[in-house]
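# Notes for the structure review
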Amino acid sequence: MALWIVLGLGGAVMILPFVWLVRSALMTDNQIFISPPEWLPEPFAWSNFTGAMSSRPFARYFLNTMIIEVLVVTGTVLTCSLAAFSFSRLRWRGRNLVFGLLLTGVMLPYAVTLIPTFVMWGSLGALDTFVPLTLPAWFAGAGGGVFNIFLFRQFFLTIPYELDEAAYIDGATPWKVFWSVIMPLSKPVIVVVVIFTFIGVWNDFLGPLLYLTDDSKFTLALGLAGFQSTYTAQWGFLMAASLVVILPITLIFFALQRYFVEGVTLTGVKG
Amino acid sequence: MIFTIGPMVASLVFSLTDWTIGAPAKFIGLDNYDRLAGDPLFWKSLNVTTYYTLGVVPLTLLAGFVVALLLNQGVRGRSFWRTIYYLPTLVPAVASSVLWIWIFNPDFGLLNSLLRQGGLPTSSWIYGERSAVPSLMLMSVWGFGNAMVIFLAGLQGVPRHLYEAVAIDGGGTWARFRHVTLPFMTPVIFYNLVTGVIGTFQVFNQAYIMTQGGPNNATQFYIYYLYTKAFTDSEIGYASALAWVLFILVLVITIALFRNARRWVYYEIGAAR
């Protein structure tokens, strides 16, 4: 019971700004700026939603976003976990040095590498395609993907090494150990990486802004931002559109988080 | 790695030139770095960013860990609570910045109207020189969901039989936490610590959207300063030098953290060290 009260109070604090977003999404612009502020919209301005949604091809944006999502999430999970496996459970010369070098890559502010990277994709003729947004994910994420390798590595390091040894004695190859021993035990962290990557792509604004020019290739985040500059004065519209963009990922998170419950029991391993 | 190393080398070369957009680049050696040492805004931005990191990282880790522990209990409606606590992290940066501008608004914002109703003194939040950075810290800690989710996943990996072993030895809740949960979580705590430091040193969105470095440079975050140098003043050479100083700084801190980690991070495989 005490736990409930603590969680409830904390939850209320967490959700308050979100409630604020919802109430603003349902208000006319006149009411939003009343002081002292009101909590309940009067009347409910549902037109914010219909207005926001019909002003732009959001269905098309949704489809584009999903195409990028599938390519990026699959690539990231497969290649980052494989790289992390190599950095944590295989022994080779210079292993820690290479890992260190990779990690340094994310310490240089991204604003600095922006222009050279852009020029590179331009010279490869990949501008206004999904290639710059999806291909790096298949090379262990490139850039931000290093955090995923690091995350996988930290988790792999908590799995008892006896399991690998037992598998090797039974004649397993490293591939087999990766697929049949390590990955099945790593479900919680795989779910985390899927969630993070999914949200990262969903909310990524700068990437699509740089590389996509044709409106028919736009993503949701880009659509939302373009929206903001078009309707600078219409806060209600903006809040409604933000809410529509947040809702699907909230549902996805709600659906995925139950996999955290399937914990690792590690029976049969005696420390 | 090609995607990283190439641009890095390019920016190092830029940092040795006096290159302003529109004029040809001129090699000037280390002059940019010399200029940095005497630039009060550089020092100011370094101070502000360090202050912010020292506030946000420990608070985020603590909040994330405590809530993860609570949510890992057999509490009913667990999925619901997890989603609630994760919700703030799902809001896109632009939308959450706009949202918080209103929350912090001294006249019709959420915080001051709550304080007024409770008869408490109000604050000028992001519009006050002293309260600006703490306000942004508050906003950042609100997004502790990522750290929490990583801790939650980590808690699943703690072998159950060790808890039984502690129970057999007569240990209580505290002993279980101290001797099983905590050691098993150290690699994950370490991950959150390192990525937290790397991330907060590069904070940009809030300064760009919410405060534009003000009031009176109180939120002149490092990357924001770098950004204004590069894209407002078009001084690519000087901005590259700024980037490299930050890079070296974060690198040194990270190496120090990795060294220090040998003392307290517990791994299943000794060879990983």
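Parameters at a glance
Residues numbered from 1 in each chain as written. Chains lettered and ligands numbered in written order. Predicted model: local features only at pLDDT ≥ 70, side-chain atom pairs only at ≥ 80, totals over all residues. Heavy atoms only, no water. UniProt positions renumbered as here; feature names shortened; annotations may be inferred. Helix = DSSP H or I, 4+ residues; strand = E, 2+ residues; numbered from the N terminus. Buried < 20%, exposed > 50% of the residue type's maximum accessible area, 1.4 Å probe, protein only. Contact = heavy atoms within 4.5 Å. Lys, Arg positive; Asp, Glu negative; His and termini not counted. Charge placed at Lys NZ, Arg CZ, Asp CG, Glu CD. Salt bridge = Lys/Arg side-chain N within 4 Å of Asp/Glu carboxyl O. Buried area = accessible area lost by both parts, 1.4 Å probe. Polar contact = N/O pair within 3.5 Å; in protein donor to acceptor, adjacent residues only side chain to side chain. Domains from an automatic or database assignment. Nonpolar A, V, L, I, M, F, W, Y, C, P; charged D, E, K, R; others polar. Phe/Tyr/Trp six-rings, centres within 6.5 Å; stacked < 30°, edge-to-face > 60°. Lys NZ or Arg CZ within 6 Å of the ring centre and 35° of its normal.

For chain B, an unreviewed UniProt entry supplies the name Multiple sugar transport system permease protein and the organism Kribbella italica. The Subcellular location (unreviewed entry) field of the UniProt record for chain B holds the comment "Cell membrane". Check the Sequence similarities (unreviewed entry) section of the UniProt entry for chain B; it says "Belongs to the binding-protein-dependent transport system permease family."

Where an unreviewed UniProt entry is consulted, chain A appears under the name Multiple sugar transport system permease protein, with the organism given as Kribbella italica. The record in UniProt for chain A states the following under Sequence similarities (unreviewed entry): "Belongs to the binding-protein-dependent transport system permease family." Quoted straight from UniProt, the Subcellular location (unreviewed entry) entry for chain A says "Cell membrane".

### Describing the overall build of chain B
The number of helices and strands found in chain B is 13 helices and two strands. Over its C-alpha atoms, taken along the principal directions, chain B stretches across nearly 75 × 60 × 30 Å. Relative to its 273 residues, chain B shows a buried fraction of 53%. Of all intrachain contacts in chain B linking residues separated by at least 6 positions in sequence, the fraction that spans at least 24 positions is 65%. Looking at chain B, you have 16 positive and 11 negative side-chain charges, and the mean spots of the two groups are 13 Å apart.

### Details of the pattern of salt bridges
Tallied over the full model, the rule gives six salt bridges over all chains. The salt bridge partner of Asp214(A) is Lys217(A), with a shortest N-O separation of 4.0 Å. Here Arg35(B) and Glu235(B) are joined by a salt bridge, their closest N and O atoms 3.0 Å apart. Separated by 200 residues along the polypeptide, Arg35(B) in helix H2 (residues 31-37) and Glu235(B) in the loop between helix H12 (222-232) and helix H13 (236-264) bring together distant segments of the chain.

### Observations regarding the interface of chain B and chain A
Facing 80 residues of chain B, the contacting portion of chain A comprises 86 residues. Both faces combined, the contact of chain B with chain A buries some 7600 Å², and carbon together with sulfur accounts for 78% of it. On inspection of chain B and its partner chain A, the count reaches zero salt bridges. Inspection of the chain B/chain A interface yields four residue pairs in polar contact (both at pLDDT 80 or more). At 13 residues, helix H4 (residues 78-90) of chain B tops the list of elements feeding residues into the side of chain B that touches chain A.

### Considerations on the side chain of Arg89(A)
Residues and elements named next belong to chain A. Relative to the helices and strands, Arg89 resides in helix H4 (residues 58-89). For Arg89, a relative accessible area of 2% translates into the label buried. Side-chain polar atoms of Arg89 contact the backbone oxygen of Pro160, separated by 3.3 Å. Reaching out from Arg89, the side chain makes a polar contact with the side chain of Asp164 at a distance of 2.7 Å.

### Overview of the domain arrangement of chain A
Residue and element names in this part refer to chain A. Entries for chain A in the domain assignment read domain 1 (1-44) and domain 2 (56-268). Taken together, the contact pairs nine residues of domain 1 with eight residues of domain 2. Taking both sides of the interface into account, the surface hidden between domain 1 and domain 2 amounts to around 670 Å²; carbon and sulfur atoms contribute 79%. Together, Leu21, Ala25 and Asp29 form the three largest contributors to the area buried by domain 1 at its contact with domain 2, with a combined 58%. At the boundary of domain 1 with domain 2, the tally comes to zero salt bridges. Where domain 1 packs against domain 2, one counts zero residue pairs in polar contact (both at pLDDT 80 or more). Elements that contribute at least two residues to the side of domain 1 that touches domain 2 include exactly helix H1 (2-25) and helix H2 (29-32). Classifying every residue of the side of domain 1 that touches domain 2 by side-chain character gives seven nonpolar, one polar and one charged.

### So, the environment of Arg95(A)
Position of Arg95(A) relative to the elements: it lies in helix H5 (residues 95-105). With 98 residues separating them in the primary sequence, Arg95(A) and Val193(A) have C-alpha atoms 23 Å apart.

### A few points about the packing of aromatic side chains
Summed over the entire model, instances satisfying the criterion amount to 32 aromatic pairs over all chains. Cation over ring: Arg153(A) sits above Phe99(A), and NZ or CZ is 4.5 Å from the ring centre. The ring of Tyr238(B) carries the charged tip of Arg35(B) above its face, separated from the ring centre by 3.6 Å.

### Examining the UniProt feature "transmembrane region" (unreviewed entry) in chain B
All names here are of chain B. Under the local residue numbering, the UniProt record ascribes the feature "transmembrane region" (unreviewed entry) to residues 51-71, 83-103, 132-155, 184-204 and 236-258. Along residues 51-71 the backbone is 100% helical and 0% strand, and the end-to-end C-alpha distance reaches 30 Å. Helix makes up 92% of residues 132-155 and strand makes up 0%, while its end C-alpha atoms are separated by 35 Å.

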